[in-house]
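A structural walkthrough
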Amino acid sequence: MDFDLVVKNGQIVTASEILPLGLEIGVKGGKISCIGTSLPTTPATKVIDAEGAYITPGGIDSHVHLAQANSPTGDDWETGSRSAIAGGTTTIIAFASQERHEESLMPVLQDYHAKSRAQSYCDYGFHFILTNPTKHILQEELPILAEEEGITSVKLYMTYEPMKVNDRELLEIMLACRKLGMTTMIHAENSDMIALIIEGLEANGNTEPFFHSIARPRIAEDEASYRAISLAELVDAPILIVHMSSETAMGHVRKAQTRLLPVHAETCPHYLFLLSEEIKGKPHDHFSGAKHVCSPPLRHHAEDLEALWRGIANGTFTVFSSDHAPSKYDHPGGKKLGIVDGIPRFAKIPNGVPGVETRMSLLFSQTEACLSPDEARLGLPRFVQLTSTNAAKMYGLGGVKGSIAPGYDADLVIWHPGNKGECVISQNMLHHGVDYTPFEGMKMRNWPRYTVLRGQIVWDKDGGGVLGEMKYGEYLKRGKGQVVVGKTGGRAHGMLENERRYWMQ
Ligand code: DUC
Ligand code: ZN
Ligand code: ZN
């Protein structure tokens, strides 16, 4: 066999193990064709010497917002996907977002295809954000999305006036998704609690960015997460609660998982590394706290971070995603929408932080690859599960993406050997279209040296940076999602056996 690419002298990590040093990866036609020793090369074979470094599967970031109408100043597909590969992410799953007045998802989908086709450096798929789940959409259009378009997940908001769905709608969506083998992703915060607090804060003149973190207390996330789990249990549907930030909410998930309910959870870098202190801004620019306004908000206490790290280590979280939600800071249509007639108004600040490029390095820097076993927050196989393998399984990319094994796409991250990849995150090293990073100044213990997408080197940190081409990224038609945690078919608390058959359609 003559290979297009052979990667030598590395240490391969999968979701289950760290393979012995020195195994080689042979790549042909964009796929991993074998893993072995002394693989033959020809003059035409590209050879990468990993110099003893770890090799992990290309990152899959399953929560990315690009080119959405509600964040016009942030990243488009070009800048967002370029940022992804520069940080070791080879696949993103971004959102196509329905606005409430839209009666059909099909034009929305075409619009997102037009925004992304031949404009992506990385491979990509879509989740659909549903804000108006009509019967027609649930019964006629979701099956087309799942079966013809390879879109097998939807996201719902329990908060935000223009987007939120009520409990009945949530149930209808879960039921429709369950039938189609689709995953329901849920933004869980109690809308009325938040609305009440915002009204009070505004009446009292408390409108600086920091009050965003007061407006959305943990209890709002805790209640909504418990409710989402209960609704899912009622209709026996697999769910994933996105961007979790609260220990109590995480505890609800953990309890559900212990009962083998198919309840998955996601957390994000900002909830592991940053506290609400950041939203106070800088002495020379008080409004700069807006750079850290995201929802759920950054929490107040170091113990909040510690709790989530436990969820990372103990398996509660299924995926670790960036929730890259880009809005420029210094732009009247970006974060500065939160200054109205010269007065800061936190409730008008677009929510979200950028992070697609920094996600992999932030977590890798906390692994046993970079820290002593006592200090490390997680092992390397767990890193691979959280950043790649689990998202591939959950979102219908299993067998194609998310592992280093024969038959899989040759999507790889080759890290720097030893401490050669140390760097400090700064805005000017990043490739996104946003004008700041919330992780400015953080010391990374390693950074992807090479990113390989379907056998092509698309990122070479020390040899030219971004080498990939914008049109190389392919649209991924995904299959049905796998239930990674628990199983369907269980009985809700107190139900009779098969009780649902009396009412479930
Ligand atoms: N939810 C997201 O998923 N991203 C950004 C803001 C939000 O509320
Ligand atoms: Zn959300
Ligand atoms: Zn998001």
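Bear in mind the structure is a predicted one, so any value in this text is a computation, not a measurement. Here the residue index of a chain counts from 1 through its sequence in written order. Following the order in which they are written, the chains are lettered starting with A and the ligands numbered starting with 1. Whole-chain, interface and lining totals are the exception, using all residues; otherwise, since this is a predicted model, local features are given only for residues with pLDDT of at least 70 and side-chain atom pairs are given and counted only at 80 or more. Side-chain measures were taken over the full set of non-hydrogen atoms in the model, leaving aside hydrogen atoms and water.

Donor atoms: N, O and S within 2.8 Å of the metal, or within 3.2 Å for Na, K and Ca. Because water is excluded, sites can look incomplete. Taken together, Lys155 (NZ), His187 (ND1) and His243 (NE2) make up the full set of protein donors to the zinc ion (ligand 2), lying 2.1 to 2.3 Å away. In this structure, the zinc ion (ligand 2) lies 4.2 Å from the zinc ion (ligand 3). Of this pair, Lys155 sits in strand β10 (residues 153–157) while His243 sits in the loop between β12 (239–241) and α8 (247–258), and the two are 88 residues apart along the sequence. Of the two residues examined, Lys155 and His243, each falls in the buried class. Secondary structure is summarised from DSSP: a helix means a run of H or I of at least four residues, a strand means a run of E of at least two, and numbering begins at the N terminus for each. Exposed residues in this analysis have more than 50% of their type's maximum accessible area, buried residues have under 20%, and partly exposed residues fall in between, with area computed by a 1.4 Å probe over protein chains only.

Here we take up the packing of aromatic side chains. Classification of ring pairs uses Phe, Tyr and Trp, with its six-membered ring standing for Trp, and accepts pairs whose centres are within 6.5 Å; under 30 degrees between planes counts as stacked, over 60 as edge-to-face, and the remaining range as tilted. With the rule as written, the count across this model stands at 13 aromatic pairs. Each ring, one from Tyr112 and one from Phe126, has its centre 6.3 Å from the other, and the planes form 70 degrees; the classification is edge-to-face. With a gap of 14 residues between them, Tyr112 in helix α2 (residues 106–116) and Phe126 in strand β9 (residues 123–129) connect regions that are remote in the sequence. Given a relative accessible area of 2%, Tyr112 falls into the buried group.

Below, the discussion takes up a nonpolar patch on the surface. Each patch is built from salt-bridge-free residues with over 30% relative accessible area, joining like charges within 9 Å and nonpolar side chains (Val, Leu, Ile, Met, Phe, Trp, Tyr) within 5 Å. Where accessible areas are quoted, they stem from the Shrake-Rupley method and a 1.4 Å probe; at the residue level, only the protein chains shown are allowed to cover. By convention in these notes, a salt bridge is any Lys or Arg side-chain nitrogen within 4 Å of a carboxyl oxygen on Asp or Glu. There is a patch of nonpolar side chains on the surface, built from Leu234, Tyr502 and Trp503 and spanning about 320 Å² of accessible area. In this fold, Tyr502 is placed in the segment after β22 (465–466).

The next point concerns α8. Every helix has an expected span of 1.5 Å times one less than the residues it contains. Relative to the 16 Å expected for twelve residues at 1.5 Å per residue, α8 spans 16 Å between its end C-alpha atoms, a close match to the ideal helical length. For α8, the complete set of buried residues consists of Ala249, Met250, Val253, Ala256 and Gln257. Along the axis of α8, the buried residues cluster in a sector spanning 115 degrees; they form a single face. Facing away from the buried surface of α8 by more than 90 degrees, the exposed residues are Lys255 and Thr258. Contacts: residue pairs with any heavy atoms within 4.5 Å of one another. Those residues of α8 that are buried lie in contact with α7 (218–235), β12, β13 (263–267) and α10 (302–314). For α8, the N-terminal cap is Ser246; the gap from its side-chain oxygen to the backbone nitrogen of Thr248 is 3.2 Å. Leu260 sits one or two positions beyond α8 and adopts a positive phi of about 65 degrees. Working note: the arc is built from the helix axis to C-beta atom directions. Any N or O atom pair separated by 3.5 Å or less is treated as a polar contact, with the protein-specific requirement of one donor-capable and one acceptor-capable atom, and with residues adjacent in sequence counted only for side-chain atom pairs.

A separate point is the coordination of the zinc ion (ligand 3). Around the zinc ion (ligand 3), the protein contributes the donor atoms His63 (NE2), His65 (NE2) and Asp323 (OD), at 1.9 to 2.1 Å from the metal centre. Along the chain, the residues donating to the zinc ion (ligand 3) fall in the pattern H-x1-H-x257-D. Under the relative-accessibility criterion, His65 is labelled buried at 8%.

This part is about the sheet that holds strand β11 (residues 183–187). Pairing within the open sheet is parallel, and its eight strands lie in the order β7-β8-β9-β10-β11-β12-β13-β14. Edge positions in the sheet fall to β7 (59–64) and β14 (319–320), since each of these pairs with one other strand and no more. Should DSSP find at least two bridges between two strands, the strands are taken to pair. Here three bridges tie β11 to β12, and the two strands are oriented parallel to one another. Note that in β12 the partner of Ile186 across the bridge is Ile241. Strands in contact with helix α1 (residues 77–86) are β8 (89–97) and β9; relative to β8, the strand with the most contacts, it is inclined by about 145 degrees. Comment: axis = line fitted to C-alpha atoms, over the contacting stretch for helices; angle = value between 0 and 180 degrees taken between N-to-C directions.

Summary of the distance rule: residues count as near a molecule or strand when at least one heavy atom falls within 4 Å of that molecule or strand. All residues in the neighbourhood of ligand 1 are listed as His63, His65, Lys155, Tyr157, Tyr160, His187, His243, Ser295, Asp323, Ala325 and Asn351. Here an oxygen atom of ligand 1 and a side-chain polar atom of His63 are 3.0 Å apart. His65 is positioned with one of its side-chain polar atoms (N or O) 3.1 Å from a nitrogen atom of ligand 1. Here ligand 1 loses 94% of its free accessible area of 240 Å² to cover by the protein chains.

Relative to the assigned elements, Thr159 resides in the loop between β10 and α4 (167–180). Every residue in contact with Thr159, bar those within four places of it in the chain, is listed here: Lys164, His187, Glu189, Ser191, Ile194 and Arg216.

Here we come to the sheet that holds strand β2 (residues 11–12). In space, the six strands of this open sheet follow the order β2-β6-β17-β20-β21-β22, with mixed pairing throughout. Where the open sheet ends on each side, the last strands, each with one partner, are β2 and β22. When strand β6 (residues 54–57) meets strand β17 (residues 412–415), the two strands line up antiparallel, connected through three bridges. Looking across to β17, one finds that Thr56 is bridged to Val413. Across the sheet, helix α12 (residues 380–394) is in contact with β6 and β17; its angle to β6 comes to roughly 30 degrees.

Here we come to the UniProt feature "modified residue: N6-carboxylysine" (unreviewed entry) in the chain. UniProt positions are given in the numbering used here, feature names are shortened, and annotations may be inferred rather than shown by experiment. Under the UniProt annotation, the feature "modified residue: N6-carboxylysine" (unreviewed entry) is placed at Lys155. In contact with Lys155, not counting residues within four places along its chain, are His63, His65, Phe95, Phe128, Ile129, Leu130, Met185, His187, Val242 and His243.

This part is about the environment of His136. Structurally, the position occupied by His136 is in helix α3 (residues 135–147). Among the residues examined, His136 registers a relative accessible area of 42% and is labelled partly exposed. Separated by 32 residues in the primary sequence, His136 and Ser104 place their C-alpha atoms 8.1 Å from one another. With near-sequence residues (within four places) excluded, His136 lies in contact with Glu103 and Glu141.

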